[in-house]
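Each chain, written out:
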Amino acid sequence: MPLKTEIAATLRAIRQQRELSYDNLGDVAFRTTLSLLERGKSGVSIAKLIELAEGLEFDPVAFITLCVALQRGESFENTLASAQEELQRFAAAGGVELLHQQMDGEKLAKRSPGQPLRIQNLQAVQALKAQGKTQAEAKRELGLSHSTIQRYWHSEPHAHLPRR
């Protein structure tokens, strides 16, 4: 979902509404990036998109909302309502707490290398182990790889669960 066309249209509309020329917008790198984006010739990182929105004195969340609404073919009100519902589901399921656990102050918290632990798989393997099933039976029943079954089989059952 690159949104190149939608970003181009949104940038053009904001600049036109605010009667801003490239000369009004500051440094050359910013103007060059803006020109490429407005022609749909370049993608953009979230960081650069935020910088562009702020350079246009436009809220970055509102900017992204307009782009997504265009891509979906719906009103920005519906896009915001959908986002609000998703955020509420995320919060209700403990997502905000999980989000904060990913940070160590202002830095990203370190995690062990490799794939992230899948708590549901760990719990399923441990439950089958507690029922007296073999690793082969767990592999067949869960459809997980042998190495995954083995890793979760020998893991402490509660060592990786979130703390309350």
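Structural data are supplied above this passage.
The numbers attached to residues start from 1 for each chain and follow its sequence in the written order. pLDDT decides what is reported in this predicted model: residues at 70 or higher carry local features, side-chain atom pairs at 80 or more are listed and counted, and totals for whole chains, interfaces and linings draw on all residues regardless. Excluding hydrogens and water, the side-chain values take into account all heavy atoms of the structure.

Participant: For helix H4 (residues 60-72), give the residues involved together with the corresponding values.
Facilitator: Here a strand is any run of E in DSSP of at least two residues, a helix any run of H or I of at least four, and the numbering for each starts at the N terminus. For a helix, the expected span equals 1.5 Å multiplied by the residue count minus one. Between its first and last C-alpha, H4 extends 18 Å over 13 residues, near the 18 Å set by a 1.5 Å rise per residue. Looking at H4, one finds that the buried residues are Pro60, Phe63, Thr65, Cys67, Val68 and Ala69. Only heavy atoms enter the contact rule, under which two residues are in contact if any of them lie within 4.5 Å. Where H4 is buried, its residues contact helix H1 (4-17), helix H3 (46-55) and helix H5 (76-92). Two or three places before Val61, at the opening of H4, Asp59 has a side-chain oxygen 2.9 Å from that residue's backbone nitrogen. One or two positions beyond H4, positive phi appears at Gly73, with a value near 75 degrees. Whether a residue is buried, partly exposed or exposed follows from its accessible area with a 1.4 Å probe, protein chains only, as a fraction of its type maximum: under 20%, in between, or over 50%, in that order. N or O atoms closer than or at 3.5 Å make up a polar contact, with two conditions inside protein: a donor-capable atom paired with an acceptor-capable one, and, for residues adjacent in sequence, both atoms drawn from side chains.

Participant: How would you sum up the pattern of salt bridges? Please name residues and give values.
Facilitator: One speaks of a salt bridge when a side-chain nitrogen belonging to Lys or Arg is within 4 Å of a carboxyl oxygen belonging to Asp or Glu. Per the stated rule, a full pass over the model turns up five salt bridges. Arg72 is the partner of Glu74 in a salt bridge, and the nearest nitrogen-oxygen pair spans 3.3 Å. Across the pair Arg89 and Glu86 runs a salt bridge, and its minimum N-O distance is 2.5 Å. Here Arg89 and its partner Glu86 are both found in helix H5, three residues apart, which amounts to about one turn of the helix.

Participant: I'd like to hear about unusual backbone geometry, residue by residue, with values.
Facilitator: At Glu19, a position not held by glycine, the phi torsion is positive, near 50 degrees. Backbone geometry at Glu57 places phi at a positive 55 degrees, although glycine is not the residue there. Tracing the sequence through the fold places Glu57 in the loop between H3 and H4. The exposed category is assigned to Glu57, whose relative accessible area is 68%.

Participant: Please set out the side chain of Thr10 residue by residue, giving values where relevant.
Facilitator: Tracing the backbone through its elements, the reader meets Thr10 in helix H1. Here Glu6 takes part through its backbone oxygen, which lies 2.8 Å from a polar atom of the side chain of Thr10. For Thr10, the residues in contact, after removing those within four places along its chain, are Phe63, Leu66, Cys67 and Leu70.

Participant: Can you break down the nonpolar core residue by residue, with the values?
Facilitator: Nonpolar core, defined: a set of buried Ala, Val, Leu, Ile, Met, Phe, Trp, Tyr and Cys residues in which side-chain atoms within 4.5 Å join the residues together. Counting residues in hydrophobic clusters, the biggest one holds 16 residues, and the most contacted among them are Ile7, Leu11, Leu34, Leu56 and Phe63. Where this core is concerned, the elements lending two or more residues are H1, helix H2 (28-38), H3 and H4. Beyond its immediate sequence surroundings of up to four residues, Ile7 is in contact with Pro2, Val44, Leu49, Phe63 and Cys67. Within the second largest apolar cluster, eight residues are counted, among which are Leu128, Ile149, Tyr152 and Trp153.

Participant: Account for the packing of aromatic side chains, with residues named and values stated.
Facilitator: For this analysis, a ring pair means two rings from Phe, Tyr or Trp (six-membered ring only for Trp) whose centres lie within 6.5 Å, classed as stacked if their planes differ by under 30 degrees, edge-to-face if by over 60, and tilted for the remaining angles. On inspection of all chains with the given rule, the structure shows zero aromatic pairs. For Arg151, the ring lying beneath its charged end belongs to Tyr152, and the centroid distance is 5.1 Å. Geometrically, a lysine NZ or arginine CZ counts as sitting over a ring once it is within 6 Å of the ring centre and also within 35 degrees of the ring normal.

Participant: Pulling in residues and values, what's your account of the packing of helix H8 (residues 135-142) against helix H9 (residues 146-153)?
Facilitator: For helices, the axis comes from a line fit to the C-alpha atoms of the stretch in contact; other axes are also lines fit to C-alpha atoms, and the angle between any two N-to-C directions lies between 0 and 180 degrees. As a packed pair, H8 and H9 sit with axes 10 Å apart at the nearest point and diverge in direction by 120 degrees. Relative to H9, the element H8 is oriented oblique. By crossing handedness, the relation of H8 to H9 is classed as right-handed. Taken together, the residues of H9 that come into contact with H8 (itself represented by Gln135, Ala138, Lys139 and Leu142) are His146, Ile149, Gln150 and Trp153. Under this grouping Gly is polar, as are all residues other than the nonpolar Ala, Val, Leu, Ile, Met, Phe, Trp, Tyr, Cys and Pro and the charged Asp, Glu, Lys and Arg. Residue composition of the contact of H8 with H9, grouped by class: four nonpolar, three polar and one charged. What sets the label is the angle itself: under 35 degrees gives roughly parallel, over 145 gives roughly antiparallel, 65 to 115 gives roughly perpendicular, and the rest give oblique. By the definition used in this description, the sense in which the near helix is turned from the far one sets the handedness, with an anticlockwise turn below a right angle giving left-handed and a clockwise turn giving right-handed.

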